[in-house]
Amino acid sequence: MLHFDGKVALITGAGRGLGRAHALLLASRGARVVVNDLGTSGAGTGADASPAQSVVDEIRAAGGEAVVNGDSVVDGGRIVEAALDHFGRIDLVVNNAGFLRDVAFHKMTAADWDDLYQVHLLGAFRIVHAAWPRMREQGYGRVVNTSSAAGIYGNFGQVNYGSFKLALHGMTQPLAVEGKAKNIHVNTIAPAADSRLTRTVMTAEQLAPMRAELVSPLVAWLCHETCTETGGLFEVGGGFIAKLRWERSGGAYLDLTGGNAVEQVAEAWGTITDFSKCDHPAGFGEAMAPFVKLMGGA
Ligand code: NAI
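Conventions we followed
Residues numbered from 1 in each chain as written. Predicted model: local features only at pLDDT ≥ 70, side-chain atom pairs only at ≥ 80, totals over all residues. Heavy atoms only, no water. Helix = DSSP H or I, 4+ residues; strand = E, 2+ residues; numbered from the N terminus. Contact = heavy atoms within 4.5 Å. Phe/Tyr/Trp six-rings, centres within 6.5 Å; stacked < 30°, edge-to-face > 60°. Lys NZ or Arg CZ within 6 Å of the ring centre and 35° of its normal. Near = heavy atom within 4 Å. Polar contact = N/O pair within 3.5 Å; in protein donor to acceptor, adjacent residues only side chain to side chain. Areas by Shrake-Rupley, 256 points an atom, 1.4 Å probe, with all protein chains shown as cover. Nonpolar A, V, L, I, M, F, W, Y, C, P; charged D, E, K, R; others polar. Salt bridge = Lys/Arg side-chain N within 4 Å of Asp/Glu carboxyl O. Buried < 20%, exposed > 50% of the residue type's maximum accessible area, 1.4 Å probe, protein only. Patch = residues over 30% accessible without salt bridge, like charges linked within 9 Å, V, L, I, M, F, W, Y side chains within 5 Å. UniProt positions renumbered as here; feature names shortened; annotations may be inferred. Expected span 1.5 Å × (residues − 1). Axes fitted to C-alpha atoms, helices over the stretch in contact; angles between N-to-C directions. Parallel < 35°, antiparallel > 145°, perpendicular 65-115°, else oblique. Left-handed = near helix turned anticlockwise from the far one by under 90°. Pairing = 2+ DSSP bridges.

- For the protein chain, an unreviewed UniProt entry supplies the name NAD(P)-dependent dehydrogenase (Short-subunit alcohol dehydrogenase family) and the organism Roseateles toxinivorans.

Pasting the structure below:
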């Protein structure tokens, strides 16, 4: 059995849905949990302390240890302080809080963009930024960011949501590089689960096999001290778990110094977009290989 004894976990948006399931699982495996949730509507409005409190009650009733926090993740520094005040350390962060404001781009307001940015991306940044020095000091930390297929693949009406959801993986990748030497591992999940968010587009019957609890085992594993994975992106839901990676076509080396440069690009388009020969750069160094070659191996 994999345990989290002695570890302190902060789960944002843990009053319901996926966050609740993560909090219950980690607590059942011995983690002391900060259950953060502002208690908003599915569109990010309002506040309600009761969902987070009921998760804390559930954890305590099962013999676990948890404390409630009702701040918005936008005040991420305060939430981390609350964790430190209460438990004296912070080991695991799951950035999960979020909401939807789906609307076609031509109808999207500046607030639809900014409100999503504040909670999904800025909130996650503020929490990790506040927890990071502690994780570095203790030489241990695990962060899981919650992305979405809407950002990875694109989906109608989700320019705001998709932008910040993919940006969370943009945060994961360099953080993973920076954290590695201090045993801080950072990964991203793109979940699929039954929650009030997905109930807006699918029926309860369709979503029945997609219980939120089936996402949490991956989150727990990524948070465990024996898990060496970092910088990864995983799709997860209903018991299906898969890893994504970048794929680069074999590409074309063109002489673009002449007057026909645009035509050269057009002519080579088939080769440029042909994935029958490809590679999978695993990091910045590997990604730079074609350019290093052009620079004469510099
Ligand atoms: P949910 O609506 O059940 O739970 C989200 C929780 O976040 C709510 O309890 C809400 O009060 C809280 N929250 C919202 N704004 C907050 C803020 N400023 N500060 C603190 N808490 C706040 O939704 P669900 O489905 O559990 O979503 C969890 C995460 O997973 C979200 O980030 C969502 O975008 C993401 N996600 C979910 C998918 C799914 O299939 N359910 C698919 C892809 C991503």
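Read on for the rest.
Points about the environment of I241
Piece 1. Among the secondary structure elements, I241 is positioned in strand β8 (residues 240-244).
Piece 2. When the C-alpha atoms of I241 and D102 are compared, they prove to be 26 Å apart, with 139 residues separating the residues in sequence.
Piece 3. For I241, the residues in contact, after removing those within four places along its chain, are L218, E235 and V236.

Observations regarding the packing of aromatic side chains
Piece 1. This structure, assessed with the given rule, holds two aromatic pairs.
Piece 2. With 4.6 Å between their ring centres and 65 degrees between their planes, W113 and F164 make a pair best called edge-to-face. Of this pair, W113 sits in helix α4 (residues 110-138) while F164 sits in helix α6 (residues 159-179), and the two are 51 residues apart along the sequence.
Piece 3. Over the face of the ring belonging to Y140 we find K7, whose NZ or CZ atom lies 4.8 Å from the ring centre.

Focus on the site of the ligand
Piece 1. Not every one of the 29 residues close to the ligand is listed here, only the nearest: D37, N96, Y161, S195 and R196.
Piece 2. In this structure, L18 approaches the ligand through a main-chain N or O atom, which is 2.8 Å from an oxygen atom.
Piece 3. At 3.2 Å from a nitrogen atom of the ligand is found a main-chain nitrogen or oxygen belonging to L38.
Piece 4. Within the complex, the protein chains bury 97% of what would otherwise be the 830 Å² of accessible surface of the ligand.
Piece 5. For the shell around the ligand, the secondary structure elements donating two or more residues are α1 (17-28), α4 and α6.
Piece 6. Grouping the constituent residues of the shell around the ligand by class yields 10 nonpolar, 14 polar and five charged.

Overview of the pattern of salt bridges
Piece 1. This structure, assessed with the given rule, holds 11 salt bridges.
Piece 2. The salt bridge involving R89 is made with D91; its shortest N-O contact spans 2.6 Å.
Piece 3. Residue class for D91 comes out buried when judged on its relative accessible area of 0%.
Piece 4. With a shortest N-O distance of 3.3 Å, R101 and D112 are connected by a salt bridge. Taken together, the residues R101 in the loop between β4 (92-95) and α4 and D112 in helix α4 connect sequence positions 11 residues apart.
Piece 5. If you follow the salt bridges from partner to partner, you end up with D71, D75 and R78 in one network.

Re a nonpolar patch on the surface
Piece 1. Judged by side-chain polarity, Y253, F291, L294 and M295 come together as a nonpolar surface patch covering roughly 480 Å² of accessible area.
Piece 2. Structurally, F291 can be placed in helix α12 (residues 289-294).
Piece 3. Judged by relative accessible area, which is 46%, F291 ranks as partly exposed.

Here's the deal with the UniProt feature "domain: Ketoreductase" (unreviewed entry) in the protein chain
Piece 1. Per the UniProt record, "domain: Ketoreductase" (unreviewed entry) is annotated on residues 7-213.
Piece 2. Structurally, residues 7-213 is divided into 45% helix and 15% strand, and its ends, taken at the C-alpha atoms, are 21 Å apart.

Some points on α6
Piece 1. For α6, spanning 21 residues, the distance from its first C-alpha to its last is 30 Å, which sits close to the expected 30 Å at 1.5 Å a residue.
Piece 2. Along α6, the residues classified as buried are N160, Y161, G162, F164, K165, L168, H169, M171, T172, L175, A176 and G179.

Side note on the packing of helix α3 (residues 76-87) against α4
Piece 1. Running from amino to carboxyl end, α3 crosses α4 at an angle of 40 degrees, the nearest separation of the two axes being 7 Å. When the interaxial angle is binned, α3 and α4 end up oblique. In this structure, the crossing between α3 and α4 has a hand that is right-handed. Contacts between α3 and α4 involve G76, G77, I79, V80 and L84 from the former and R126, I127, A130, A131 and R134 from the latter.
Piece 2. The residue makeup of the contact of α3 with α4, split by class, is six nonpolar, two polar and two charged.

Here we look at the pairing of β8
Piece 1. One ladder, built from five bridges, connects strand β7 (residues 233-237) with β8; its direction is antiparallel. Looking at the pairing, G237 lines up with F240 of β8.
Piece 2. With antiparallel pairing between neighbouring strands as the criterion, β7 and β8 make up a hairpin whose turn holds two residues, including G238 at a positive phi of roughly 65 degrees.

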